[in-house]
Amino acid sequence: MTTTARPADSLRTWSIDPAPFGAAPGRVLVKAGRTIVLCTASIEESVPPWMKGQGKGWVTAEYNMLPGSTSPRKGRDRGPKIDGRTTEIQRLIGRSLRAIVNLEALGERSVTVDCDVLEADGGTRTASITGAYVALVQALRSSPGFANGEPLPLSDSVAAVSVGIVGGVPTLDLDYSQDFAAEVDMNVVMTGGGRYVEVQGTGEEATFDAEQLAAMLSLASRGIAQLSILQKSLL
């Protein structure tokens, strides 16, 4: 459990770096405080059978927490046995990416982004989305369809951050100890242009009012603006 001394309106220390290992054309290592996620993106020159002949592509994501990412050890998902939280998060990552991808301009290609959590200290899904976008861009730039300077099939960037009410205080980018203690927990996904993609908010045995909601969304917007700058610095 982490003890946090940073201001409530500040992000944790974030970095997005090219991953020094792996064979995928898009790969980055995302660090948000002690949370670390490996995001890789791969492209196939085909689409799922149910999309063939439609003249557009597909973007999807898979998410996994490695056994040693938490203490106690997290058991591996095996075969068809995938827990509900994993399914929810990988669908969220996929939706977030598709919100800024022009599937028609992508053509009949499939992009799969894999987000593997190496260490978990809160905010694994938001770190995954933020890193997944960078890996996606890297992979697209390596694709024969876009490798020669053609415009990428993207309308914007996308990033995500957590926010909540901790001890009555609106707080940005919750680590595990803050998330555990939060009266309200929220994940916000936004484009670089400031448009919302998804907002997931829950009162944890508590409620929140419009003023608190506005304060949390304002914090999230400011945090995502900073993350968008970080993404652009790598790309």
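Source: prediction; values computed, not measured.

### Observations concerning the overall build of the chain
Link 1 in the chain: Summing up its helical and strand segments, the chain has 5 helices and 9 strands in all.
Link 2 in the chain: When the helices and strands of the chain are placed in sequence order, the string is β-β-β-β-α-α-β-α-β-β-α-β-β-α.
Link 3 in the chain: Taken against the 2.2 N^0.38 rule, which gives 18 Å for 235 residues, the C-alpha radius of gyration of the chain at 18 Å falls within 12% of a compact globule.
Link 4 in the chain: Across its three principal directions, the C-alpha atoms of the chain cover 50 × 40 × 35 Å.
Link 5 in the chain: Considering the chain as a whole, with its 235 residues, one finds that 47% of them fall into the buried category.
Link 6 in the chain: Here the analysis covers contacts within the chain between residues at least 6 apart in sequence; of these, 69% occur between residues at least 24 apart.

### Concerning helix 5 (residues 210-234)
Link 1 in the chain: Relative to the 36 Å expected for 25 residues at 1.5 Å per residue, helix 5 spans 36 Å between its end C-alpha atoms, a close match to the ideal helical length.
Link 2 in the chain: Considered for burial, the residues of helix 5 that qualify are M216, L217, L219, A220, G223, I224, L227, S228 and Q231.
Link 3 in the chain: Those residues of helix 5 that are buried lie in contact with strand 1 (14-18), helix 3 (124-142), strand 6 (158-166), strand 7 (169-172), strand 8 (184-191) and strand 9 (196-203).
Link 4 in the chain: The residue sitting at the N-terminus of helix 5 and contributing the capping side-chain oxygen is D209; that oxygen lies 3.2 Å from the backbone nitrogen of E211.

### Comments concerning the UniProt feature "binding site: phosphate" (unreviewed entry) in the chain
Link 1 in the chain: Taken from the UniProt record, the annotation "binding site: phosphate" (unreviewed entry) applies to R85, G123, T124 and R125. These annotated residues cover 41 residues of sequence, and their C-alpha atoms all fall within 13.3 Å of one another, placing them together at a single site. Of the residues annotated just before, the largest pocket has R85, G123, T124 and R125 among its lining.
Link 2 in the chain: Judged by its relative accessible area of 4%, T124 is buried.
Link 3 in the chain: In this view, T124 contacts T35, V37, Y63, R85 and V117; residues no more than four positions away in its chain are not counted.
Link 4 in the chain: Polar contacts involving the side chain of T124 include one to the side chain of R85, which spans 3.5 Å.
Link 5 in the chain: Of note, R125 is situated in helix 3.
Link 6 in the chain: Taking the relative accessible area as the measure of exposure, R125 reaches 13% and is therefore buried.

### Observations regarding the layout of surface pockets
Link 1 in the chain: If you add up the space inside the largest pocket, you get close to 610 Å³.
Link 2 in the chain: Along its surface, the largest pocket is lined by 27 residues, and R85, D121, G122, G123 and Y176 are the ones closest to its centre.
Link 3 in the chain: Residue composition of the lining of the largest pocket, by class: 6 nonpolar, 12 polar and 9 charged.

### Considering the side chain of S110
Link 1 in the chain: Mapping S110 onto the fold places it in strand 5 (residues 110-119).
Link 2 in the chain: On the basis of relative accessible area, S110 is assigned to the buried category, the value being 9%.
Link 3 in the chain: A distance of 2.6 Å separates a polar atom in the side chain of S110 from the backbone oxygen of S46.
Link 4 in the chain: Setting aside chain neighbours within four positions, we find S110 in contact with S42, I43, E44, S46, V47, P48 and W58.

### Describing the nonpolar core
A general tendency of soluble globular proteins is for nonpolar side chains to be buried together.
Link 1 in the chain: Counting residues in hydrophobic clusters, the biggest one holds 54 residues, and the most contacted among them are I93, L97, L106, C115 and V188.
Link 2 in the chain: At 10 residues, helix 3 tops the list of elements feeding residues into this core.
Link 3 in the chain: Setting aside its immediate chain neighbours within four residues, C115 contacts V37, L38, C39, E62, Y63, N64, I93, S128 and A132.

### Structural notes on the sheet that holds strand 2 (residues 26-32)
Link 1 in the chain: Pairing is mixed across the open sheet formed by 5 strands, whose spatial order is 1-2-3-5-4. The sheet terminates laterally at strand 1 and strand 4 (58-65), the two strands that pair on one side only. Geometrically, the sheet is characterised by an average inter-axis angle of 20° between neighbouring strands, direction not taken into account.
Link 2 in the chain: As defined by bridge partners, strand 4 adjoins strand 5 across 8 bridges and the pair is classed as parallel.

### Examining the pattern of salt bridges
Link 1 in the chain: Throughout the structure, instances matching the rule amount to 6 salt bridges.
Link 2 in the chain: With a shortest N-O distance of 3.6 Å, D9 and R222 are connected by a salt bridge. On the criterion of sequence distance, the pair formed by D9 in the segment before strand 1 and R222 in helix 5 is long-range, its members being 213 residues apart.
Link 3 in the chain: By relative accessible area, D9 is classed as partly exposed at 40%.

Reading the values: rules and limits
Residues numbered from 1 in each chain as written. Predicted model: local features only at pLDDT ≥ 70, side-chain atom pairs only at ≥ 80, totals over all residues. Heavy atoms only, no water. Helix = DSSP H or I, 4+ residues; strand = E, 2+ residues; numbered from the N terminus. Rg over C-alpha atoms; globule rule 2.2 N^0.38 Å. Buried < 20%, exposed > 50% of the residue type's maximum accessible area, 1.4 Å probe, protein only. Contact = heavy atoms within 4.5 Å. Expected span 1.5 Å × (residues − 1). Polar contact = N/O pair within 3.5 Å; in protein donor to acceptor, adjacent residues only side chain to side chain. UniProt positions renumbered as here; feature names shortened; annotations may be inferred. 1 Å grid on protein atoms, 1.4 Å probe; cavity = no way out; pocket = protein on both sides within 12 Å on 5 of 7 lines; lining within 4 Å. Points joined across faces, edges and corners; volume = space filled by probe spheres on them. Nonpolar A, V, L, I, M, F, W, Y, C, P; charged D, E, K, R; others polar. Core = buried A, V, L, I, M, F, W, Y, C linked by side-chain atoms within 4.5 Å. Pairing = 2+ DSSP bridges. Axes fitted to C-alpha atoms, helices over the stretch in contact; angles between N-to-C directions. Salt bridge = Lys/Arg side-chain N within 4 Å of Asp/Glu carboxyl O.

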